[in-house]
Amino acid sequence: LILLLLAASGIHFAAMRQVSLHGHRLKEQTEGLDKKLEYLFRVTGSLSYAKDVRLYQGSEWLLEKLARFSGERSVYDRKKEDGRLIGHAVCVVAAFLRDSIVYIALIYMALKGTISLDYFVFAVGAVRGLSGFLLGVLDGAVLFHSAGIYMEDLQAYGAKAGEPRR
């Protein structure tokens, strides 16, 4: 039963790690798109560009680009949310199967007379406590992994910021 708890916890960790990596990969893909959107927002909200936009009738072009880039960005946001949803669904199914199998095994052993009723009550509480403990440890490990990815991004940004401008 303990091996089942550990295996299901491993599935939970792997699923959450993949969600984190998937979000990071999508972030790398959207970096250029985010810069374009930031530029368009800055240009459309700036008074210094307003004269040029009116003089050269660039409002339609700006709105078209803004709509296109926003649409592309929303596709990536949907992909990120879909990946997160799938990862969490895998975790829920693994937890349900884990708990169901363990509790069914304990009930079967209690009904068969292999374990006593007081040991059954103890085992149910122990399984619940161990499951919660493992889940907390694994959630911390996933958080630690995500923070490591974030720190790598900051280091890469710092390296880019230190480069001379051309």
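For the structure, check the block above.
Notes on the structure follow. (Residues numbered from 1 in each chain as written. Predicted model: local features only at pLDDT ≥ 70, side-chain atom pairs only at ≥ 80, totals over all residues. Heavy atoms only, no water.)

## Observations regarding the overall build of the protein chain
A tally of helices and strands in the protein chain yields four helices and zero strands. Counting from the amino terminus, helix and strand elements in the protein chain follow one another as α-α-α-α. Taking all 166 residues of the protein chain together, 25% fall into the buried category. Taking the contacts inside the protein chain whose residues are at least 6 apart along the sequence as the reference set, 83% of them involve residues at least 24 apart. Carbon and sulfur atoms form 66% of the exposed surface of the protein chain, whose accessible area is close to 12000 Å². (Helix = DSSP H or I, 4+ residues; strand = E, 2+ residues; numbered from the N terminus. Buried < 20%, exposed > 50% of the residue type's maximum accessible area, 1.4 Å probe, protein only. Contact = heavy atoms within 4.5 Å. Areas by Shrake-Rupley, 256 points an atom, 1.4 Å probe, with all protein chains shown as cover.)

## Structural notes on the side chain of Ser131
Its location among the elements puts Ser131 in helix 4 (residues 117–161). Among the residues examined, Ser131 registers a relative accessible area of 7% and is labelled buried. With sequence-adjacent residues up to four places away left out, Ser131 is seen in contact with Leu5, Arg98 and Asp99.

## Description of the packing of aromatic side chains
Here the structure, examined in full by the defined rule, presents one aromatic pair. Centroid distance Tyr119 to Phe122: 6.0 Å. Interplanar angle 45 degrees. Geometry classified as tilted. One end of the pair is Tyr119 and the other is Phe122, both in helix 4 and three residues apart, which spans about a single turn. (Phe/Tyr/Trp six-rings, centres within 6.5 Å; stacked < 30°, edge-to-face > 60°.)

## Some details on the nonpolar core
If you look at the biggest cluster of nonpolar residues, it comprises eight residues: Leu5, Val102, Leu106, Ile115, Phe120, Ala123, Val127 and Leu134. Every element with two or more residues in this core is listed here: helix 3 (59–112) and helix 4. Looking at this core element by element, the count peaks at four residues for helix 4. In this view, Phe120 contacts Leu106, Ile107, Ala110 and Ile115; residues no more than four positions away in its chain are not counted. (Core = buried A, V, L, I, M, F, W, Y, C linked by side-chain atoms within 4.5 Å.)

## A closer look at the environment of Glu72
Residue position: Glu72 is located in helix 3. With a relative accessible area of 33%, Glu72 lands in the partly exposed category.

## Looking at the pattern of salt bridges
Side chains that carry opposite charge are capable of pairing whenever their charged atoms lie near each other. Counted by the stated rule, this structure contains four salt bridges. Salt-bridge contacts for Arg68 lead to Glu72; the nearest nitrogen and oxygen are separated by 3.3 Å. Of this pair, Arg68 and Glu72 both sit in helix 3, four residues apart, which is roughly one turn of that helix. Between Arg73 and Asp77 there is a salt bridge, and its shortest N-O distance comes to 3.0 Å. Here Asp77 and Arg73 lie together in helix 3, a separation of four residues that amounts to about one turn. Judged by relative accessible area, Arg73 falls into the partly exposed class, the value being 22%. (Salt bridge = Lys/Arg side-chain N within 4 Å of Asp/Glu carboxyl O.)

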